[in-house]
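So you can see what is in the structure, the chains are spelled out below.
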Amino acid sequence: MSEHSNESTTLDESHPAAEEVQSDSEEGAMAQESPKNSAAEIPVTSNGQLEDSHEHSFNRDLKRSLPVGLGLAETKITSHGFDSTKEGVVEAGPFPGKGGRAQQKSGAVVLADEVKNPAMEKLELVRKWSLNTYKCTRQIISEKLGRGSRTVDLELEAQIDILRDNKKKYENILKLAQTLSTQLFQMVHTQRQLGDAFADLSLKSLELHEEFGYNAETQKLLAKNGETLLGAINFFIASVNTLVNKTIEDTLLTVKQYESARIEYDAYRTDLEELNLGPRDANTLPKIEQSQQLFQVHKEKYDKMRNDVSIKLKFLEENKVKVLHNQLVLFHNAIAAYFAGNQKQLEQTLKQFHIKLKTPGADAPSWLEEQ
């Protein structure tokens with residue numbers, strides 16, 4: 001009995017020593033993990049588990065020791081037994097600040113909002129543009145070599161060809177009318193100078209006073225009628241120039257956009273047809289689906305541009321007929337009245353089309369100023 005008591009006393013005395021060693025070890029670990037609170041201690045029981053009565057106070061001290069900038073809403077320490085391979089785990093709550101939204105998932109903090117990279121977006125745009133350019137270039141070369149097929153709207157293509165041919169013819173008429181205007185201006189200027197010369201000689205030559213006088217009046221009348229005709233021709237040139245270089249050119253710009261859309265449509269149509277002729281497996285099916293989507297996008301673009309061209313050609317034809325009808329009537333009546341010597345009819349023609357002439361000789365120096 002005495003020996004058993006002694007052994008029990010010895011064991012009881014050894015427990016405090018072991019507890020002191022374990023306590024010192026825990027204090028050293030906490031001093032490394034939390035340098036800001038080196039005095040924090042973790043009381044443990046004789047079996048190596050945390051003492052529940054002190055756990056709450058320890059957690060409070062640890063949260064006070066954490067840096068303020070962390071902004072954690074909640075911090076909790078969970079300790080396992082000494083027989084476990086895991087150590088204390090810090091669980092963090094959601095970050096209350098602005099910006100990315102933090103989600104708590106298995107103890108990890110994840111930013112939900114991803115920041116887009118402008119450089120990557122630009123690179124993606126360049127990649128798509130390069131791929132589209134390659135496809136269209138390949139389609140154009142295939143068509144020129146007679147290997148590729150192209151979509152043709154026979155009725156629309158015929159109207160476009162007629163428009164381009166008419167534009168060339170209208171440009172030729174415009175060029176000739178401008179030449180006529182330049183020559184007529186020179187003739188009117190010469191007639192005006194000749195009339196002034198006849199008038200001067202009429203005053204200085206008494207014997208030929210009447211003869212010089214008649215010729216002076218005739219040349220001045222011709223110069224006046226020539227200026228009236230010149231105004232009508234210039235009005236004709238301005239109207240035809242607007243029709244050719246603005247109205248028709250605007251329609252042809254839409255035609256170019258339509259032709260580009262047609263090439264893109266045929267390029268993506270050819271790609272889709274080639275993929276459909278190939279095998280269908282797990283690798284090719286996503287490519288076929290993507291190609292089908294791109295084909296549909298370019299088909300809708302092509303249909304829209306074709307409709308726009310049809311509408312513009314219709315309105316252009318109506319506008320062209322109206323404009324050219326008025327301008328051709330003006331040109332004919334003015335030329336006929338001028339060479340018939342019908343001054344009143346020539347002036348009436350200009351009034352009919354609301355053409356106002358500048359004051360004769362306003363821009364040119366007078367005969368006295370030239371001397």
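Residues numbered from 1 in each chain as written. Predicted model: local features only at pLDDT ≥ 70, side-chain atom pairs only at ≥ 80, totals over all residues. Heavy atoms only, no water.

As annotated in an unreviewed UniProt entry, the protein chain carries the name ADP ribosylation factor interacting protein 1 and is attributed to Calidris pygmaea.

A. Fine view of the UniProt feature "coiled-coil region" (unreviewed entry) in the protein chain. Following the UniProt record, one finds the feature "coiled-coil region" (unreviewed entry) at residues 153–180 and 288–319. For the annotated span residues 153–180, helix accounts for 96% and strand for 0% of the residues, and the straight-line distance between the end C-alpha atoms is 41 Å. Spanning residues 288–319, this segment combines 100% helix with 0% strand, and its end C-alpha atoms are found 46 Å apart. (UniProt positions renumbered as here; feature names shortened; annotations may be inferred. Helix = DSSP H or I, 4+ residues; strand = E, 2+ residues; numbered from the N terminus.)

B. View of the pattern of salt bridges. The tally for this structure, following the rule as stated, stands at 16 salt bridges. Across the pair Asp271 and Arg138 runs a salt bridge, and its minimum N-O distance is 2.4 Å. Of this pair, Asp271 sits in helix 5 (residues 209–277) while Arg138 sits in helix 3 (residues 118–144), placing them 133 residues apart in sequence. For Asp271, a relative accessible area of 10% puts it in the buried group. Here Lys204 ties to Asp200 by a salt bridge, and the two come within 3.5 Å at their closest N and O atoms. You can see Lys204 and its partner Asp200 sitting in helix 4 (residues 154–204), four residues apart, about one turn around the helix. Because the salt bridges share partners, they merge into one network encompassing Arg262, Asp266, Arg269 and Glu273. (Salt bridge = Lys/Arg side-chain N within 4 Å of Asp/Glu carboxyl O. Buried < 20%, exposed > 50% of the residue type's maximum accessible area, 1.4 Å probe, protein only.)

C. Inspection of the packing of helix 5 against helix 7 (residues 343–352) at higher detail. Interhelical geometry of helix 5 versus helix 7 gives an angle of 25 degrees and a closest axis separation of 10 Å. On the basis of their axis angle, the class for helix 5 and helix 7 is roughly parallel. For the crossing formed where helix 5 meets helix 7, the hand is left-handed. Residues Leu221, Lys224, Asn225, Thr228, Leu229 and Ala232 of helix 5 form the contact with helix 7, whose participating residues are Gln343, Leu346, Glu347 and Leu350. (Axes fitted to C-alpha atoms, helices over the stretch in contact; angles between N-to-C directions. Parallel < 35°, antiparallel > 145°, perpendicular 65-115°, else oblique. Left-handed = near helix turned anticlockwise from the far one by under 90°. Contact = heavy atoms within 4.5 Å.)

D. Main features of the packing of aromatic side chains. Scanning the entire structure with this criterion turns up six aromatic pairs. Here Phe236 and Phe331 contribute two aromatic rings whose centre-to-centre distance is 4.9 Å and whose plane-to-plane angle is 45 degrees, an arrangement assigned as tilted. Of the two residues, Phe236 is situated in helix 5 and Phe331 in helix 6 (residues 284–339); the sequence distance between them amounts to 95 residues. Here Phe236 falls in the buried class, since its relative accessible area comes to 5%. Take Phe331: its relative accessible area is 25%, and that puts it in the partly exposed class. A network of ring pairs unites the aromatic residues Tyr258, Tyr265, Phe295 and Tyr302 as a single cluster. (Phe/Tyr/Trp six-rings, centres within 6.5 Å; stacked < 30°, edge-to-face > 60°.)

E. Inspection of the environment of Asn225 at higher detail. Mapped onto the elements, Asn225 comes out in helix 5. Under the relative-accessibility criterion, Asn225 is labelled buried at 6%. A C-alpha to C-alpha distance of 6.6 Å links Asn225 and Gln343, two positions 118 residues apart in sequence. When residues no more than four places from it in sequence are discounted, the contact partners of Asn225 are Tyr338, Gln343 and Leu346.

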